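Topology and contacts: notes
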Amino acid sequence: PSQLGLLTSLTEGFEISATSLDGWIPSQLGQISQIMSNFHLNQNSLTGSIPSEFGQFTSMTSVMYLYLNSLSGSIPSEIGQ
């Protein structure tokens, strides 16, 4: 849900894995300005592309897991800069 974009900081990470979550990844998640640890959306039924807003995760110190979904497209160039 887009309401997840109302979060501003997650110091312990974000994990919604293996929950059968489906649909698009909300671009609003990219508005979380500080994720200090892991970001997990793996092993779900997510479709569509990775939002370019994920490039705003500038303070992430660990990894982003998106595997075992049905995502399409390429990794946005904003990620990893």
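Residues numbered from 1 in each chain as written. Predicted model: local features only at pLDDT ≥ 70, side-chain atom pairs only at ≥ 80, totals over all residues. Heavy atoms only, no water.

1. Quick notes on the overall build of the protein chain
- A count of helices and strands for the protein chain gives zero helices and eight strands.
- The secondary structure elements of the protein chain, listed N-terminal to C-terminal, are β-β-β-β-β-β-β-β.
- Here the protein chain has a C-alpha radius of gyration of 12 Å; the compact-globule value for 81 residues is 12 Å, and the two agree.
- A principal-axis box enclosing the C-alpha atoms of the protein chain has dimensions of 25 × 25 × 20 Å.
- For the protein chain, the proportion of contacts with a sequence separation of at least 24, taken over those separated by at least 6, is 72%.
- Put simply, the protein chain shows about 4,800 Å² of open surface, and 50% of that area lies on carbon and sulfur atoms. (Helix = DSSP H or I, 4+ residues; strand = E, 2+ residues; numbered from the N terminus. Rg over C-alpha atoms; globule rule 2.2 N^0.38 Å. Contact = heavy atoms within 4.5 Å. Areas by Shrake-Rupley, 256 points an atom, 1.4 Å probe, with all protein chains shown as cover.)

2. Points about the environment of Leu46
- Examined against the element boundaries, Leu46 turns out to sit in strand β6 (residues 45–48).
- With relative accessibility at 2%, the residue Leu46 sits in the buried group.
- Linking Leu46 and Gly23, residues 23 residues apart in sequence, is a C-alpha distance of 5.0 Å.
- Setting aside anything within four residues of it in sequence, one finds Leu46 in contact with Leu21, Asp22, Gly23, Ile25, Leu41, Asn69, Ser70 and Leu71. (Buried < 20%, exposed > 50% of the residue type's maximum accessible area, 1.4 Å probe, protein only.)

3. So, the nonpolar core
- Ranked by internal contacts, the top residues of the largest apolar core, which has 13 residues, are Ile25, Leu29, Phe39, Leu41 and Phe54.
- For Leu41, the residues in contact, after removing those within four places along its chain, are Phe14, Ile16, Ser17, Leu21, Ile25, Leu29, Leu46, Tyr65, Leu66 and Asn69. (Core = buried A, V, L, I, M, F, W, Y, C linked by side-chain atoms within 4.5 Å.)

4. With respect to the sheet that holds strand β5 (residues 39–40)
- Pairing is parallel across the open sheet formed by three strands, whose spatial order is β2-β5-β7. In this open sheet, the two strands that pair with only one neighbour each are β2 (14–15) and β7 (64–65).
- Relative to β5, β2 is paired through two bridges, and the arrangement is parallel. Paired with Glu15 across the strands is His40, a residue of β5. (Pairing = 2+ DSSP bridges.)

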